[in-house]
Amino acid sequence: MLPVPDDTTPRLAGVLASSLAAVSGGGGGFDLPPVRSALVLLVDGLGAANLQARAGHARFLAGRMAKRDVIRTVFPSTTAAAIASFATGVMPGEHGLVGYRTLEPSRDVLANQLNGWEHGQLPADWQRSATLFERAGELGVRPIAVGAPRYATSGYTRAVLRGAEYRSGTSIAERFAAALGAVAAPEPSLVYLYVPELDQIAHAHGWESDRWLAALEELDAEASALAARLPRDVGMLVTADHGVIDVPEHRHVHIDARPALLDGVRHIGGEPRCLALWFDPTFPGTERERVAGLWREAEEKRAWVLTRDEAIDAGLFGARVDDAVRPRIGDLLVAARAGVAYYDAREANRAPERMIGQHGSLSDEETRIPLIRLGAFAR
């Protein structure tokens, strides 16, 4: 059975919006009290299950994660879609970043949603929604984003962090210090602090690796020190964009081994845990139904197989999917529910098959994320 989103479940799209409301006095979700400034730490790849499983290595954060402090990210559970929802307060069906690699219909090319701007594949207005940082500026709240230097001027940063003043820090410690300096200033502020290291290590070595544990311990120590030094009128939240599961090589599924599954397929996008397939426009509807049936027959025990319309009707991309966004979603979606990852051995670049840590699908491990309250938000 497809895990259809519950409209009452708190979601990542509400985190930054509620933090801004707590600063500006506009009301918001999550029952956050009024504060002078708010700091939101987003740890890429730190799912609730990952944190709970390694609680002994993150005693500060895990010890402050109550049962209510688990929310859901977006679908697909991937950084491009999730952080865009975090930064705009709307679901992917509205902002338009609906996956990792999606179709740019006007050019009939697949575009990476994190770096497609740099390759000239995506227009400046591809991200369709105003950001909460822009809204903060209008309300007299200083919007600040703190991240690694290499993201400062990226197309993705310009698209989803519009309106924010970007401050850089090479190490985790430098970024935490910059965030503390931002909220310590007297004016009201909304500060977003991004930590990508755990996700990067998980992809390369797995989230169960010693390297990932070491990074988690460093993160936990920095979070503890930062929380202890926050001014009393500053609230802090800790969340993530998605969780991670490890997929060993013997759990790889090569879709090209069954050519019938690719009949009529023009583009294969998405990512290994959530494939998106686009048929050739001339491929008949009856044939599309036949291929979808073959996918279900072959993979229903280890994946959810949905047509675009089924996914939209189920609310996976949010209650509203704009007409311009619909063709960016695959005609057929294959979202892994077992511990597998899908690859195409015909690809010229086989490097992605070396990834261990994976995400993108609908499993609890990938979609449940923490929302830990610290500082004035914990009182």
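How each quantity is defined
Residues numbered from 1 in each chain as written. Predicted model: local features only at pLDDT ≥ 70, side-chain atom pairs only at ≥ 80, totals over all residues. Heavy atoms only, no water. Salt bridge = Lys/Arg side-chain N within 4 Å of Asp/Glu carboxyl O. Helix = DSSP H or I, 4+ residues; strand = E, 2+ residues; numbered from the N terminus. Buried < 20%, exposed > 50% of the residue type's maximum accessible area, 1.4 Å probe, protein only. Pairing = 2+ DSSP bridges. Axes fitted to C-alpha atoms, helices over the stretch in contact; angles between N-to-C directions. Contact = heavy atoms within 4.5 Å.

Below, the discussion takes up the pattern of salt bridges. Following the criterion strictly, the structure yields 26 salt bridges and no others. Residues Arg-54 and Glu-208 are paired through a salt bridge, measuring 3.5 Å at the closest nitrogen-oxygen approach. Here Arg-54 is found in the loop between α2 (48-53) and α3 (59-63), whereas its partner Glu-208 is found in the loop between α9 (197-205) and α10 (210-229), with 154 residues between them in sequence. Here Glu-208 falls in the partly exposed class, since its relative accessible area comes to 46%. Taking the shortest distance from any N to any O, the salt bridge between Asp-108 and Arg-266 comes out at 2.7 Å. Placement of the pair is Asp-108 in the loop between β3 (101-104) and β4 (109-112) and Arg-266 in strand β11 (residues 265-271), with a sequence separation of 158 residues. Judged by its relative accessible area of 29%, Asp-108 falls in the partly exposed class. With relative accessibility at 43%, the residue Arg-266 sits in the partly exposed group.

Okay, the sheet that holds strand β7 (residues 189-195) next. The strand order β6-β5-β7-β1-β8-β18 describes an open sheet built from 6 strands, whose pairing is mixed. Where the open sheet ends on each side, the last strands, each with one partner, are β6 (165-168) and β18 (372-375). The average undirected angle you get between the axes of adjacent strands in this sheet is 20 degrees. Summarising the sheet, strand β8 (residues 234-240) and β18 pair through 4 bridges and their orientation is antiparallel. When the sheet's bridge partners are listed, Val-238 is paired in β18 with Ile-372. Along the sheet, helix α8 (residues 172-184) contacts β1 (37-43), β5 (142-147), β6, β7 and β8; its crossing angle with β7, the most-contacted strand, is approximately 175 degrees. Strands β1, β7, β8 and β18 of the sheet are contacted by α10, whose axis makes an angle of about 175 degrees with β1.

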